[in-house]
Amino acid sequence: MITLSSDSGSPYPAAMKGVIAQHSEARLVDVAHQFPRQSAQTTAFWLRELLPYFPPAVHLVAVAPGPDRAELVVRAGEHAFVGPDNGVLLPPARELADDYEAYRLAEFGDGTGSWPPDPGSSTFRGRDVFAPMAAHVHEQGVTKVDAIDALEPTTAEEPVSVPEPTVEDDAIRGEVLAVDDFGTAVTNIPGDLLTDHDGTHVRVNGTAAQVRRSAAAVEAGKRVVTAGSHGTVELTINGGRGTNAFSVHTGSDVVLRW
Amino acid sequence: MITLSSDSGSPYPAAMKGVIAQHSEARLVDVAHQFPRQSAQTTAFWLRELLPYFPPAVHLVAVAPGPDRAELVVRAGEHAFVGPDNGVLLPPARELADDYEAYRLAEFGDGTGSWPPDPGSSTFRGRDVFAPMAAHVHEQGVTKVDAIDALEPTTAEEPVSVPEPTVEDDAIRGEVLAVDDFGTAVTNIPGDLLTDHDGTHVRVNGTAAQVRRSAAAVEAGKRVVTAGSHGTVELTINGGRGTNAFSVHTGSDVVLRW
Amino acid sequence: MITLSSDSGSPYPAAMKGVIAQHSEARLVDVAHQFPRQSAQTTAFWLRELLPYFPPAVHLVAVAPGPDRAELVVRAGEHAFVGPDNGVLLPPARELADDYEAYRLAEFGDGTGSWPPDPGSSTFRGRDVFAPMAAHVHEQGVTKVDAIDALEPTTAEEPVSVPEPTVEDDAIRGEVLAVDDFGTAVTNIPGDLLTDHDGTHVRVNGTAAQVRRSAAAVEAGKRVVTAGSHGTVELTINGGRGTNAFSVHTGSDVVLRW
């Protein structure tokens, strides 16, 4: 299995899938292709949350590769990552295994992708570098990445710091990680902190709201703090957009006080 | 084959797929992950429209599970559904087979998902309950669900009522079920009611429009009623958003008069 | 492998996949389902860019079929296309092979799809015609399409003209092909024209901007022209939407002057 994560939206991921399919019959599963471009922390958070639910797989992560970033293959137990050396691969790698080994791409090429690219060519790494390398690692077998000629052991960049919530006696401090199609603000605050608080009145960044199990449990126009389907606290409102009701957007600080 | 339907948007469905892939090699096909959260009727409409096109499959439906809803497995002929007991599974089940049997989840668990959950844990049912159970039903075989220990025969909640259009001599009454990326309002009124009416002038909620086979058939700024690619009547406008042109949104009543 | 491209958004492509799965075990890969409805040129551009990265496959293209368009199967080398005779299949077909053969659908039917449809029925061609025919072509084998009874050799409509950029000494003229979720305007101007121009000041439709490798390389509020992950020039701004900053939308002309 090869999973695909990117920040390139539609239709570009199709090219990555086509390239992989030229080299491998691996099952392809999309993680997401709308990861935010300028927040490696948010992407690292989601990958760390989501990838542990997968069986052993190669995870292609074409997120914020940036022109100055080297390419990495990271092995973590029976999982491997292929992506940029921007610190985003390591938080999920550490979640999947106690230890990891990082490799830098040296030289490879077989006609449908190569590294380093020809000077002057338009190389797009998700498609031209990460996709063929992910297929190659999959076909070789994750536990044998150390035998791939094109890979040289290296020391990866420092992992990005995943935005961790802090829990104090009277306040929980977190961050808005994403806004869904309904305008609900998804935070990084664990949802189980709300357990046994159904009906409790709280303040979010000073704005009054109520802890409820769903927005439908209150009157229209009332603000709700709920444990959402992502496993974390969400800010919403019955009959409107939570982002407007709480004046937050992706990246906003969230301070929840009992 | 296992199909996946949810209201959780991106990236959460990836976790459900990962969990399924731990237990099953079944092909995974997304139906949709943007079903509206507060309209079980709309979801039931779409599932009833779409699932009959599938070969025998297990259909995971993680839509509006709500904290108080029990979990169901429903067998309908060679198809099975795994989802919440909120009435949304039965309209498509009845469309797929003359009869169905409903089962309630008793106790199960194997380390990647369990029911009932540990007290105090953050259990998210799409990922932790429905996904492993869908994989289990698939591996066991749909026709043998009655042999699964964790399932007990039950009587399901009443099916939600799918919003059905009514056709009278001079008026057709329906509802806006969805708004697409182009602002086109997709209704539940069958598109073939427009057959042989190309060019006819109609009123939609009192607003004048013309029946045409596409918005491109009229001048810019003209409102059009058309039979869309979903098989139903759509409200659109050449060069704009149909929702604005007709002042409708998801859930709006639509009265079309000849 | 069968790829799927459409302009029908969500959830309609699920029905096409269900129909295909009734007839074939082929791997299904989505190219995109948000191709613009009224721009066959843009769709042809993307298909021509993306499909050459795929191994031999059947490409279902349910884009702007329009009520008056015939149905085509086009063979190009080891690839085949199934879609409407609206000129959109031929630019990618020509990219995939030196020559192509076009076939028109005569009569076929097997209960889950048929052509021509019963009079008065709601036939939706992506689901009812293209999907079963794509599965049939896949099962028959692309190189044997000439043996399919339901297909008759034909001459296809003229290919749509893909919007090609023109490069002059002091100006490059192109077009906005798409706007991504971040408001970045993706053009058809090749990204490698910016190579070795990092830091150069340019004018886009008269508006000053700077060529940089990413929007993060400039101060907030500064306009940037960059080579994006799609392989083409993109118009963006640090901390905002490129479409607003450059006053462009899908289909806008773009004149870039050094």
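As the structure is a prediction and not an experimental result, all values here were calculated from the model.

> Is there a simple way to think about the overall build of chain A in this case?
From N to C terminus, chain A includes five helices and 17 strands. Counting over 258 residues, chain A shows a buried share of 56%. The long-range fraction of contacts in chain A, counting pairs at least 24 apart against all pairs at least 6 apart in sequence, stands at 62%. Within the structure as shown, chain A displays about 10,200 Å² of accessible surface, and the carbon and sulfur contribution to it stands at 43%. Charge centroids of chain A, computed over 19 positive and 35 negative side chains, lie 8 Å from each other.

> Honestly, unusual backbone geometry in this entry has me stumped. Any pointers?
Among all residues except glycine, the phi angle is most often negative; among peptide bonds, the trans geometry is most common. With an omega of 5°, the peptide bond running from Ser 10 of chain A to Pro 11 of chain A counts as cis. Relative to the helices and strands, Pro 11 of chain A resides in the loop between β1 (2-6) and α1 (13-23). Although it is not a glycine, Asn 205 of chain B adopts a positive phi angle of roughly 50°. At Ser 247 of chain B, a residue that is not glycine, the phi angle is positive and equals roughly 50°. Position of Ser 247 of chain B among the secondary structure elements: in the loop between α5 (242-246) and β17 (253-257).

> Help me understand the sheet that holds strand β2 (residues 28-32) of chain A, please; the structure alone is not making it clear to me.
Residue and element names in this part refer to chain A. Pairing is mixed across the open sheet formed by seven strands, whose spatial order is β2-β1-β3-β5-β4-β6-β9. Each edge of the sheet is formed by a strand with only one pairing partner; in this case those strands are β2 and β9 (151-154). Between one strand axis and the next, the sheet turns through 25° on average, direction left out of account. With respect to the sheet, α1 is in contact with β1, β2 and β3 (58-62), its orientation differing from that of β1 by roughly 155°.

> Whenever I open this one, the relation of the copies chain B and chain A confuses me. Can you help?
You can overlay chain B on chain A at an RMSD of 0.0 Å; the transform is a turn of 120° with a shift of 0.0 Å along its axis. Such a turn and shift between the copies fits a three-fold axis. Of every C-alpha in chain B, the one belonging to Arg 27 of chain B sits nearest the axis of rotation, 5.1 Å from it. Little of the interface of chain B is mirrored in chain A: 4% of its interface residues are interface residues there too.

> Explanation requested: the side chain of Arg 48 of chain A in the structure shown.
As for its position among the elements, Arg 48 of chain A is in helix α2 (residues 40-50). In this structure, Arg 48 of chain A is in contact with Pro 91, Pro 92, Glu 95, Val 162 and Glu 164 of chain A, ignoring residues within four places of it in sequence.

> Before we go on, may I ask you to explain the environment of Gly 183 of chain A in this structure?
Residues and elements named next belong to chain A. Relative to the assigned elements, Gly 183 resides in the loop between β11 (171-179) and β12 (185-190). The exposure class assigned to Gly 183 is buried, which follows from its relative accessible area of 0%. Along the sequence, Gly 183 and Asn 244 sit 61 residues apart, while their C-alpha atoms lie 7.8 Å from each other. Ignoring anything within four residues of it in the chain, the contact list for Gly 183 reads Arg 241, Gly 242 and Thr 243.

> Would you explain the nonpolar core in this entry?
Looking at soluble globular proteins, one finds that nonpolar side chains tend to be buried together. Grouped together as the largest cluster of nonpolar side chains are 37 residues, with contacts concentrated most on Val 31, Phe 35, Trp 46, Val 61, Val 74, Phe 81 and Leu 89 of chain A. Taken together, the elements giving at least two residues each to this core come down to β2, α2, β4 (71-76), α3 (90-96) and β11 of chain A together with α1 (13-23) of chain B. With six residues, α2 of chain A is the largest single contributor of residues to this core. The residues contacting Phe 35 of chain A, other than those within four sequence positions of it, are Ser 5, Ser 6, Asp 7, Thr 43, Trp 46, Leu 47 and Val 63 of chain A together with Phe 182 of chain C. Val 61, Val 63, Phe 81 and Leu 90 of chain C belong to the second-largest nonpolar core, a separate cluster that totals 36 residues.

The rules we used
Residues numbered from 1 in each chain as written. Chains lettered and ligands numbered in written order. Predicted model: local features only at pLDDT ≥ 70, side-chain atom pairs only at ≥ 80, totals over all residues. Heavy atoms only, no water. Helix = DSSP H or I, 4+ residues; strand = E, 2+ residues; numbered from the N terminus. Buried < 20%, exposed > 50% of the residue type's maximum accessible area, 1.4 Å probe, protein only. Contact = heavy atoms within 4.5 Å. Areas by Shrake-Rupley, 256 points an atom, 1.4 Å probe, with all protein chains shown as cover. Lys, Arg positive; Asp, Glu negative; His and termini not counted. Charge placed at Lys NZ, Arg CZ, Asp CG, Glu CD. Pairing = 2+ DSSP bridges. Axes fitted to C-alpha atoms, helices over the stretch in contact; angles between N-to-C directions. Least-squares fit on C-alpha atoms with pLDDT ≥ 70 in both. Core = buried A, V, L, I, M, F, W, Y, C linked by side-chain atoms within 4.5 Å.

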